[in-house]
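Descriptive structure summary
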Amino acid sequence: MGDRLGVVGLGRMGRAIAQRLAGQGADVAAWTRSGISTAEAARWGVTPCMTLADLVTRSDVILLSLFDESAVRDVMHSLLESEISGKLIIDTSTVAPKVLQEYLDRTVSAAGSLMDAPISGGPELVLAGQCGVFAGGTAQDFARAAPVLSMIAGQVHHVGPLGSGLAMKIVNNSVLQGLWAVLVDVMQIAKRSGLALDQVMPVLAGGPAGAPMLAGRVPRILGQDKSVGFDIDGASKDAYVFVSAAHDLGLDVPTLQIAQECWRAAQAGGQGPDDIAALISTAYEKA
C-alpha cells in the first residue's frame with residue numbers, strides 16, 4: 001500500500017492537485033483554512049478533514065498549496081505542533097527559499113522530513129498531469145516524493161537540497177514573467193500596425209517565440225474561453241517573490257521589475273481576479 005496523501009490548501013492549484021491525485025487512485029485527505037464541505041469533497045474524490053491535526057493523522061505525505069509566505073508560516077507552525085514523526089511535508093507553494101529553510105531543523109528534530117516542490121504551470125496543467133515540478137530536498141526524501149509528484153507532473157526535477165526547487169522556479173518562471181511583459185509591448189505594435197489579434201497569436205504561440213504557457217492561453221486571449229486558470233493576482237504575487245529573492249541575493253533585476261509593474265497596473269485596473277491572458281488582450285485593445 002502506498003503513502004496516504006494529504007493536501008493543505010484548496011485554492012485553484014490545491015484543488016487541482018487534490019483532484020489529480022484522487023483521480024490517479026491515491027487515498028487523499030484535504031483541509032483548507034476556509035473549510036471544505038462534504039459535497040465538495042465527494043465531487044473532488046477526497047476525504048474532508050475538519051482540522052489540520054485530523055489531516056496530519058490521516059496522512060503520510062502532506063502537500064502544501066498555499067498562496068503566500070504568511071500562509072506557509074502559519075501552516076508550518078501548526079504542523080510542528082502536531083505529531084509528524086515519519087511524515088514527509090512537501091511544499092508546492094511559491095515563496096522565497098529562505099521561508100521553508102527556517103523550518104528544516106525543527107522538522108528534522110520532530111523526526112519528519114521537509115521538501116520544496118514548486119509547480120511550473122497552472123491548474124489546468126496539473127489536472128492533465130503535464131505541469132513541471134522542481135524539487136529540493138535530500139535524495140532519500142525525493143525518492144519517496146517522486147511517485148507522488150509524478151502523478152501531477154509530466155516533468156519532475158530534483159535540483160538540490162531544500163530551497164533549490166524554489167530557486168529553480170524563480171529562474172524558470174522569471175523567463176515567463178519577462179515574456180509576458182514584452183508581449184504587452186508587442187501587442188501595441190501589432191495593433192497599430194494593423195495586425196489582427198487572431199492573426200498574431202497563432203503565429204506567436206506556434207513559432208520560435210512560443211511557449212506552452214502562451215499557446216495554452218490563446219483561446220483566453222482571443223476571448224473564446226472565459227475560464228480562469230492562473231490569475232493576475234497570483235502572477236503579481238509571484239513577481240514580488242521573484243524580485244524580493246533577487247534583492248536578497250544582492251541583485252538588481254530591472255526586467256523582472258518591469259513585469260511586476262505590468263501586473264500591478266492590471267490589478268489597479270480591476271483585473272486582479274482575471275486570467276493572465278487578460279494582460280495581453282487588454283494591451284492590444286488599448287493600443
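First, a word on scope: everything that follows refers to the structure included in this document. Every value quoted in this text rests on a predicted model; they were computed, and no experiment measured them.

1. Remarks on the packing of helix α9 (residues 164–192) against helix α15 (residues 277–286)
At a minimum axis separation of 8 Å, α9 and α15 run at an interaxial angle of 30°. Judged on the interaxial angle alone, α15 and α9 are roughly parallel. For α9 against α15, the interelement crossing comes out right-handed. Where α9 approaches α15, its residues W180, L183, V184, M187, Q188, A190 and K191 are matched on the opposing element by L279, I280, A283, Y284 and E285. Residue classes in the contact of α9 with α15 are distributed as 9 nonpolar, 1 polar and 2 charged.

2. Things to note about the pattern of salt bridges
Summed over the entire model, instances satisfying the criterion amount to 14 salt bridges. Close ionic contact of K98 with D248 constitutes a salt bridge, the shortest N to O distance being 3.3 Å. Taken together, the positions of K98 in helix α5 (residues 97–101) and D248 in helix α13 (residues 232–248) put the pair 150 residues apart, joining distant regions of the chain. In this structure, the salt-bridge partner of R217 is E124, at a minimum N-O distance of 3.4 Å. Here R217 is found in the loop between α11 (212–215) and α12 (218–221), whereas its partner E124 is found in helix α7 (residues 123–127), with 93 residues between them in sequence. One connected set of salt bridges, linked through shared partners, spans E124, R217, R220 and D275.

3. Topic: unusual backbone geometry
The phi torsion at A111 lies on the positive side, around 65°, for a residue other than glycine. Structurally, A111 can be placed in the loop between α6 (104–109) and β6 (113–116). The class for A111 is partly exposed, based on a relative accessible area of 42%.

4. Regarding α13
Counted at 1.5 Å a residue, the expected span for α13 with its 17 residues is 24 Å, and the 24 Å between its end C-alpha atoms agrees. The element α13 is extensively covered by neighbouring structure, given that 12 of its 17 residues are classed as buried. Among all positions in α13, only I232, G234, A235, S236, K237, D238, A239, V241, F242, V243, A245 and A246 are buried. The secondary structure elements touched by the buried residues of α13 are α9, α14 (254–268) and α15. Its side-chain oxygen placed 3.4 Å from the backbone nitrogen of D233, D231 serves as the N-cap of α13. Where α13 terminates, the next one or two residues include G250, which has phi positive at roughly 80°.

Procedures and definitions
- Residues numbered from 1 in each chain as written.
- Predicted model: local features only at pLDDT ≥ 70, side-chain atom pairs only at ≥ 80, totals over all residues.
- Heavy atoms only, no water.
- Axes fitted to C-alpha atoms, helices over the stretch in contact; angles between N-to-C directions.
- Helix = DSSP H or I, 4+ residues; strand = E, 2+ residues; numbered from the N terminus.
- Parallel < 35°, antiparallel > 145°, perpendicular 65-115°, else oblique.
- Left-handed = near helix turned anticlockwise from the far one by under 90°.
- Contact = heavy atoms within 4.5 Å.
- Nonpolar A, V, L, I, M, F, W, Y, C, P; charged D, E, K, R; others polar.
- Salt bridge = Lys/Arg side-chain N within 4 Å of Asp/Glu carboxyl O.
- Buried < 20%, exposed > 50% of the residue type's maximum accessible area, 1.4 Å probe, protein only.
- Expected span 1.5 Å × (residues − 1).
- Polar contact = N/O pair within 3.5 Å; in protein donor to acceptor, adjacent residues only side chain to side chain.

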